Amino acid sequence: MNRDTRRRILSHVVITLCGMAILVALVPLVLVLFHVISQGISSLNFAFFTEMPRPVGEPGGGMANAIAGSLIVTLLGAVFAIPIGVMSGIYAAEYSGTRIAGAVRFAADTLNGVPSIVIGVFVYTIAVLPFRSFSALAGGLALGIMMIPLIMRTTEELLRLVPPTLREGALALGATRARAVFTVVVPAALPGILTGILLALARIAGETAPLLFTAFNNRFWSTDVTQPISTLTVQVFTYAIAPYEDWHRQAWAGALVLVMMVFICSLLARLATARMERMQRGG
Amino acid sequence: MAPPRLNTRGDEVLFRAGTGTFALLLIAIVGAIALALYEGSRLSIQAFGWQFWRTDTWDPVVGQFGARPFIWGTLYSSILALIISTPVALGIAIYISELAPEALRRPLVFVTELLAAIPSIVYGLWGIFVLVPFVRGLQVATPEWLRGVPLFEGPPLGVGMLSAALILSIMVIPFSSSVAREVLKAVPQSQREGAYALGATRWEAIRMALFYARTGIVGAVMLGFGRALGETMAVTMVIGNSPNISLSLYAPQYTMAAVLANEFAEATDDLYLNALVEIGLVLFAITLVINVISRTFIWSMDRQRRPRLVRTAAMRAGA
């Protein structure tokens, strides 16, 4: 009996510890969100979105150029990543058993695990060094490479979820494989593929490391993709490690904008998933 | 039975070649990364060989490059982060998959996902202005008798190994806990029922499930390790960026990823650049090996009842 009591107590202790682990993880989450929101809101104003950075010592100004730059670089990344990710996902789902499909999966998983800073180094050697200039294009390439694996994997998984009867119906009507895939299977999986793209966007929206020496930075307004460009994340980094009070405020405001952007992408992804699930249940 | 083929062969060939080209492009990118990093570090490999990883002097002015402090900092910070985060991550995984009432499960999963969604740069910013001052306070309050211990030596700077390890562990928790959770989900219910039938307490039944899932759990922890090794911004902002090899948690140190972030854009001469690319090459190689091993471990759980479920979760977590 004594031994059983001890076993029961141990069981309760461990269960309590597991519950406490949740609290331990909640503390930093709450603290980070609290500081980002409270510091960010007090520094965030209209000028942040519309004005250019001011020189040191002159308070005020905003990050208009960095926000535009982030959008441009992200867009370039998406344009590069979506075709490769979606098409190779289609290939892996359609020719599932082939050696190339296995190799693509391995490549995507490998790419997914490569540290983002290493992707930056890679892009520097192939897209910055040969042209002797940092550029928005190089930054987009780096972000695009990071997006590919997630898009490829979700596309593949979701194409497989499409009921085989849909495809068989198309084939029975005399459609070729390509036609069946592009007019029936892919449209059926579209919300899911969109989820993959949104998740990939959420992942790269906050990326800084691969942009440091590809897109680099630019104090001026620039939309030229062959020139260095300012991005929100790199700007937050620059401001955060600088010794000026006013820049720190701006960095917090930038962080708040970043967090909101990431959350919006995740939220949209969630909505797309919900739609997909409803569709599957409804048939 | 294959459907009757009314289609032309040409259409099929075009489809396969078209999608296949993109597939090959994806494979080529990974190959190109390895190749470009190797090519880009050739000068440094020729000049220093293995000495590169055995010497401590990093002096771009005289062209002397030794990367030992960086590899030390990377390994030490990641191992510390693992020590801090593993119990918490496992606790969360166990709580969500084994203990939490159904209604609480989704919100808790959401919380861990939120933790993973916050960008590294935001953790870094928070680290500089909130965590580092807090850690400095801890250091100032260190009792005299503890200061003689090598782990707690050095002046109270705030920035340093302890801050880096703490921020890394916060960032790693969601990754290992979400994979561990899915791995636990893949354990057949009969394992737990069997344990209960033999009179096990709740913890004893959980222990059975943990034992059953041990390979996958090791994989989940290793996955977190791989993440920690390559983590850049947050670490760069709080570790102090000073190439020391020290056991002290209070000492400012440096990591491979951090030296790349700080010095790459300024590297002017070829040898300097090559030395930095070589650090990237080795970071690539280490994370590759760790990820392949952890994936193998995690996916070995797939052979059990729930195919692909674990795999999808692992993918989302970045395996």
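The structure reproduced in this document is the subject of the present report. Small disclaimer: the values here were computed from a predicted structure and weren't measured. (Residues numbered from 1 in each chain as written. Chains lettered and ligands numbered in written order. Predicted model: local features only at pLDDT ≥ 70, side-chain atom pairs only at ≥ 80, totals over all residues. Heavy atoms only, no water.)

**Side note on the packing of helix α3 (residues 64-94) of chain A against helix α9 (residues 232-240) of chain A**
All names here are of chain A. Two elements in contact, α3 and α9, have axes whose closest approach is 7 Å; the angle formed by their N-to-C orientations is 140 degrees. Classified by the interaxial angle, the pair formed by α3 and α9 is oblique. Together, Ala-66, Ile-67 and Ser-70 of α3 and Leu-232, Thr-233 and Gln-235 of α9 make up the contact between the two elements. For the contact of α3 with α9, the class distribution of residues is three nonpolar, three polar and no charged. (Axes fitted to C-alpha atoms, helices over the stretch in contact; angles between N-to-C directions. Helix = DSSP H or I, 4+ residues; strand = E, 2+ residues; numbered from the N terminus. Parallel < 35°, antiparallel > 145°, perpendicular 65-115°, else oblique. Contact = heavy atoms within 4.5 Å. Nonpolar A, V, L, I, M, F, W, Y, C, P; charged D, E, K, R; others polar.)

**Notes on helix α12 (residues 256-263) of chain B**
Burial analysis of α12(B) places seven of its eight residues in the buried class, the great majority of the element. Where α12(B) is concerned, the buried positions are B:Met256, B:Ala257, B:Ala258, B:Val259, B:Leu260, B:Ala261 and B:Glu263. Elements in contact with the buried residues of α12(B): α5 (116-128) of chain A together with β1 (58-59), α3 (68-99), α10 (214-230), α11 (233-238) and α13 (270-300) of chain B. (Buried < 20%, exposed > 50% of the residue type's maximum accessible area, 1.4 Å probe, protein only.)

**Side note on unusual backbone geometry**
The phi dihedral of A:Arg132 falls on the positive side, at around 55 degrees, and the residue is not glycine. Summarising the element assignment, A:Arg132 is placed in the loop between α5 and α6 (136-161). What makes A:Arg132 exposed here is its relative accessible area of 74%. One non-glycine residue with positive phi stands out, namely B:Asn241, at about 50 degrees. Turning to its location among the elements, B:Asn241 is positioned in the loop between α11 and α12.

**Some thoughts on the interface of chain B and chain A**
By a widely used convention, the size of an interface equals the accessible area lost when the partners come together. Across the contact, 81 residues belong to chain B and 89 residues belong to chain A. When chain B packs against chain A, close to 7400 Å² is buried across both sides, 79% of that on carbon and sulfur atoms. Across the contact surface, chain B and chain A share three salt bridges. Among the ionic pairs, B:Glu113 bridges to A:Arg270, the shortest N-O distance being 2.5 Å. Linking chain B with chain A are eleven residue pairs in polar contact (both at pLDDT 80 or more), by the criterion used here. (Buried area = accessible area lost by both parts, 1.4 Å probe. Salt bridge = Lys/Arg side-chain N within 4 Å of Asp/Glu carboxyl O. Polar contact = N/O pair within 3.5 Å; in protein donor to acceptor, adjacent residues only side chain to side chain.)

**Let's talk about the environment of B:Asn274**
Residues and elements named next belong to chain B. Among the structural elements, Asn-274 can be located in helix α13. Among the residues examined, Asn-274 registers a relative accessible area of 9% and is labelled buried. Taking the C-alpha atoms as reference points, Asn-274 and Glu-263, separated by eleven residues in sequence, lie 12 Å from one another. Among all residues touching Asn-274, those that are not within four sequence positions of it are Glu-39, Gly-40, Ser-41, Arg-42, Leu-43 and Ser-44.

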